[in-house]
Amino acid sequence: MIKIDKSTCTGCGACANICPRNAIEMIQVDKGFYYPEITEDKCVGCGLCDNVCHADADVSLHDSDDAFLFVNNSIETRKNSSSGGAFSVLANAFIEKGGYVVGAEFGMDFSIQHNIYNDKENVKRFQTSKYVQSNTSDVYKKTYDLLKNGERVLFSGTPCQVSGLITYLSRKNCSTENLLTVDFICHGVGSPAFWKDCLKYYSRNGKKQIVDVNFRGKPRAGKLQNLYIKYANGKRFFAPSTNLEIFYYHFLKNYILRESCYKCKYSALGRVSDITLADCFKFGEDTKHLNDGVGTSFLIMNTTKSMNYIEEFQQAGKIQKITKADYIQPNMQEATPKPSLYEEFWKSYENGFDSALRVSGYSNSKNSLKRKIAAIVYMLRLDSVVKKIKAAK
Ligand SMILES: Cc1cc2nc3c(=O)[nH]c(=O)nc-3n(C[C@H](O)[C@H](O)[C@H](O)COP(=O)(O)OP(=O)(O)OC[C@H]3O[C@@H](n4cnc5c(N)ncnc54)[C@H](O)[C@@H]3O)c2cc1C
Ligand code: SF4
Ligand code: SF4
Ligand code: SF4
């Protein structure tokens, strides 16, 4: 029976999916993150859970130089995607050939969960990043069943979820010929408990009903990562600044990530998936024509299999080969560092959300003033002027 190390368990759920006795349940404990809980009475000591766990095992990673920038021809698709709409190209390619797509979607209460669809309309639900840990529930089992029946599957998720799937399928001796895996350069996943409190905050404790949420609202060109909320009365909110918005402030200052993210072995140049997707925020002289302020994807084709999809990208938009070394991001080199006040932050969280916001500095007067200024700058559409002044400094 597996011994769970809370500092390295990524919550992938492979152990729960493989247990023949249904003795393992993924439950939300620490900070709302998913961890396996074992009912010992049901366990027969087969050891499969231990054997499937990728957390402390050696995993094989692919280090490829086949890196590209991509911009989808459809502006609509890019507006509804995080970056350049690369995921959509792959998803559509699978659906058009009768295949299935696995990804992360919002549930009715805006919690995040993995699901499987085989139609274009539903697959749109996977578009855009949700920066909170998703519940994989039984998607590994379902992926296995589909592959076993000869179906084609595109699986997308965090690198640790992809690793969980690959290990799961290898332990089940399942052929992966019809499987394509997609991960992304991963900063870490945010706490589901903290996200729930953010939703409560935005709904004014349930007084204003939220009907839509997007972490990658794109209110205008050049603004690529603004939390967007739509209310039942039709009112819409775009956070004026990414860094100062309550969820992103804590996500980007690293207060709300899972323990395993601070030690992540997938924060590396070598990748576990066939294709790695990422955002491209910086451009050189030879690539600046690919930046129109609506989003550009950075892709790494990690395996020979992935190169079969280059044609799909060529047909759907502009794709250009780049030198990977020029586009290295922090999470391709090392895991996100844990902030020094992390423990204090979560200790004070026990006394309530507001108390923790004081520790992180979110609610101090300097940040409150910064938020007021950001709101005025946004309203007067002065964002690009401020950006230019900052860049010139
Ligand atoms: C938690 C997280 C951290 C990230 N960190 C970085 C980073 O540090 N640097 C960087 O360049 N890019 C990062 N990304 C990836 C980036 O935000 C875009 O998802 C990526 O560029 C793909 O964009 P797209 O336009 O091609 O596709 P999109 O249409 O935006 O597709 C989104 C894809 O992400 C998957 N997904 C969404 N939310 C989750 C989730 N919670 N868990 C698992 N899978 C999910 C969907 O299934 C889908 O495959 C991160 C994404 C997430 C979810
Ligand atoms: S040892 Fe076997 S039966 Fe027991 S929890 Fe692990 S997988 Fe399930
Ligand atoms: S298989 Fe996944 S969920 Fe289970 S213990 Fe290992 S990392 Fe955690
Ligand atoms: S940072 Fe690592 S452990 Fe955390 S979600 Fe991403 S891949 Fe998983």
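Residues numbered from 1 in each chain as written. Chains lettered and ligands numbered in written order. Predicted model: local features only at pLDDT ≥ 70, side-chain atom pairs only at ≥ 80, totals over all residues. Heavy atoms only, no water.

An unreviewed UniProt entry lists the protein under the name 4Fe-4S dicluster domain-containing protein, with Pseudobutyrivibrio xylanivorans given as the organism.

Asker: Is there a simple way to think about the site of ligand 1 in this case?
Answerer: Around ligand 1 sit 35 residues in total, of which Ser82, Ser83, Ser129, Lys130 and Ile185 are the nearest. In the model, an oxygen atom of ligand 1 is placed 3.1 Å from a nitrogen or oxygen of the Gly85 main chain. At 3.1 Å, a backbone N or O of His187 approaches a nitrogen atom of ligand 1. Burial of ligand 1 by the protein chains amounts to 97% of its free accessible area of 900 Å². For the shell around ligand 1, the secondary structure elements donating two or more residues are helix H4 (86-96), strand E4 (100-106) and strand E11 (275-279). It is E11 that provides the largest number of residues to the shell around ligand 1, a total of three residues. (Near = heavy atom within 4 Å. Polar contact = N/O pair within 3.5 Å; in protein donor to acceptor, adjacent residues only side chain to side chain. Areas by Shrake-Rupley, 256 points an atom, 1.4 Å probe, with all protein chains shown as cover. Helix = DSSP H or I, 4+ residues; strand = E, 2+ residues; numbered from the N terminus.)

Asker: So what exactly am I meant to see when it comes to the site of ligand 2 here?
Answerer: Near ligand 2 you find Met1, Cys19, Pro20, Arg21, Ile24, Cys43, Val44, Gly45, Cys46, Gly47 and Cys49, and these make up its full shell. Under a 2 Å grid-point criterion requiring more than half of the atoms, the pocket assigned to ligand 2 is the largest cavity. For the shell around ligand 2, the class distribution of residues is eight nonpolar, two polar and one charged. (1 Å grid on protein atoms, 1.4 Å probe; cavity = no way out; pocket = protein on both sides within 12 Å on 5 of 7 lines; lining within 4 Å. Sits in = over half its atoms within 2 Å of the grid points. Nonpolar A, V, L, I, M, F, W, Y, C, P; charged D, E, K, R; others polar.)

Asker: So what exactly am I meant to see when it comes to the packing of aromatic side chains here?
Answerer: Within a pair of aromatic rings, the relevant descriptors are the distance that separates the centres and the angle that separates the planes. Within this structure, the stated rule accounts for 31 aromatic pairs. Here the aromatic rings of Tyr131 and Phe215 are separated by 5.8 Å at their centres, their planes lie at 85°, and the arrangement is edge-to-face. Of the two residues, Tyr131 is situated in the loop between helix H5 (120-123) and helix H6 (139-148) and Phe215 in strand E8 (residues 210-217); the sequence distance between them amounts to 84 residues. Here Tyr131 falls in the buried class, since its relative accessible area comes to 14%. Classification of Phe215 as buried rests on a relative accessible area of 0%. Seen in terms of ring centroids, Tyr144 and Tyr168 are 6.4 Å apart; in terms of plane orientation they differ by 85°. Their pairing is edge-to-face. (Phe/Tyr/Trp six-rings, centres within 6.5 Å; stacked < 30°, edge-to-face > 60°. Buried < 20%, exposed > 50% of the residue type's maximum accessible area, 1.4 Å probe, protein only.)

Asker: I'm lost on the pattern of salt bridges in this one. Help?
Answerer: For side chains of opposite charge, pairing can occur when their charged atoms come near one another. Evaluation of the coordinates by the stated rule reveals 16 salt bridges. For Asp30, the salt bridge goes to Lys31, with nearest N and O atoms at 3.2 Å. The partly exposed category is assigned to Asp30, whose relative accessible area is 25%. According to the relative accessible area criterion, Lys31 is buried, its value standing at 15%. Taking the shortest distance from any N to any O, the salt bridge between Arg271 and Asp183 comes out at 3.3 Å. Here Asp183 lies in strand E7 (residues 179-184) and Arg271 lies in the loop between helix H9 (246-252) and E11, a separation of 88 residues in the sequence. This pair shows no difference in class: Arg271 is buried, exactly as Asp183 is. In the salt-bridge network here, residues are joined through shared partners; they are Glu259, Lys338 and Glu343. (Salt bridge = Lys/Arg side-chain N within 4 Å of Asp/Glu carboxyl O.)

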